[in-house]
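# Secondary and tertiary structure notes
Residues per chain, in single letters:
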Amino acid sequence: MKDYIEERVLELAHYIVSTNSTVRATAKKFKVSKSTVHKDVTERLQEISPSLATEVKAVLEINKAERHIRGGMATKEKYTHMHEKESI
């Protein structure tokens, strides 16, 4: 694996663990695709640092379990703003 890929993988992994970030938010922060983040932290990271991979997996599992709640909150926020604009 090329050095710059290893560095990116570790940087993404440390960011996810330290901030409990989602794949989508991490991809946006580092200006890479969600697919790249996902492949880096699920496949490549396992080869580089299995212990860090375990930590990242735990964060991603929590995010996956909570995503339906975040989606509902986003929808609620969207419609709250729509109704505010209508009443103005």
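Predicted model only: the values in this text are computed from it and were never measured.

Parameters at a glance
- Residues numbered from 1 in each chain as written.
- Predicted model: local features only at pLDDT ≥ 70, side-chain atom pairs only at ≥ 80, totals over all residues.
- Heavy atoms only, no water.
- Helix = DSSP H or I, 4+ residues; strand = E, 2+ residues; numbered from the N terminus.
- Rg over C-alpha atoms; globule rule 2.2 N^0.38 Å.
- Buried < 20%, exposed > 50% of the residue type's maximum accessible area, 1.4 Å probe, protein only.
- Contact = heavy atoms within 4.5 Å.
- Salt bridge = Lys/Arg side-chain N within 4 Å of Asp/Glu carboxyl O.
- Core = buried A, V, L, I, M, F, W, Y, C linked by side-chain atoms within 4.5 Å.
- pLDDT = per-residue confidence, 0-100.

This next bit is on the overall build of the chain. From N to C terminus, the chain includes 4 helices and 0 strands. In sequence order, the secondary structure elements of the chain are arranged as α-α-α-α. On C-alpha atoms alone, the chain measures out to a radius of gyration of 16 Å, which is more than a quarter above the 12 Å that the 2.2 N^0.38 rule sets for 88 residues. With the principal axes as the frame, the chain shows a C-alpha extent of 55 × 25 × 20 Å. Each of the 88 residues in the chain was classed as buried or not, and the buried ones make up 23%. Restricting to contacts in the chain with at least 6 residues of sequence separation, those with at least 24 account for 62%.

A few words now on the pattern of salt bridges. Tallied over the entire structure, the rule returns 3 salt bridges. For E43, the salt bridge identified is with K39, shortest N-O distance 3.1 Å. You can see E43 and its partner K39 sitting in helix α3 (residues 34-48), 4 residues apart, about one turn around the helix. Given the relative accessible area of 37%, K39 is considered partly exposed. Of the charged contacts in the structure, one is a salt bridge between D40 and R44, with a shortest N-O distance of 2.5 Å. Of the two residues, D40 and R44 both sit in helix α3, 4 residues apart, roughly one turn of that helix. Looking at R44, the relative accessible area reads 21%, which means it is partly exposed. One salt-bridge network, in which partners are shared between bridges, spans R8, D40 and R44.

Moving on to the side chain of N63. Mapped onto the elements of the fold, N63 is located in helix α4 (residues 50-87). Accessibility expressed as a relative area gives 8% for N63, which makes it buried. What N63 contacts, discounting residues up to four positions off in sequence, is N20, S21, T22 and R70.

A separate point is the nonpolar core. Considering soluble globular proteins, one finds that nonpolar side chains tend to be buried as a cluster. By size, the foremost hydrophobic cluster in this structure holds 15 residues, and its most contacted members are A13, I16, V37, V41, L45, V56 and L60. Sorting the residues of this core by element identifies α1 (3-19), α2 (23-30), α3 and α4 as the ones contributing at least two each. Apart from the residues lying within four places of it in its own chain, the contact partners of V41 are L12, A13, I16, V56 and L60.

Keep in mind that low pLDDT regions are not for reading the predicted coordinates in detail. Taken residue by residue, the chain gives an average pLDDT of 91. The fraction at 70 or more is 95%. Ranking the elements of the chain by mean pLDDT puts α4 last, at 85, and α3 first, at 97.

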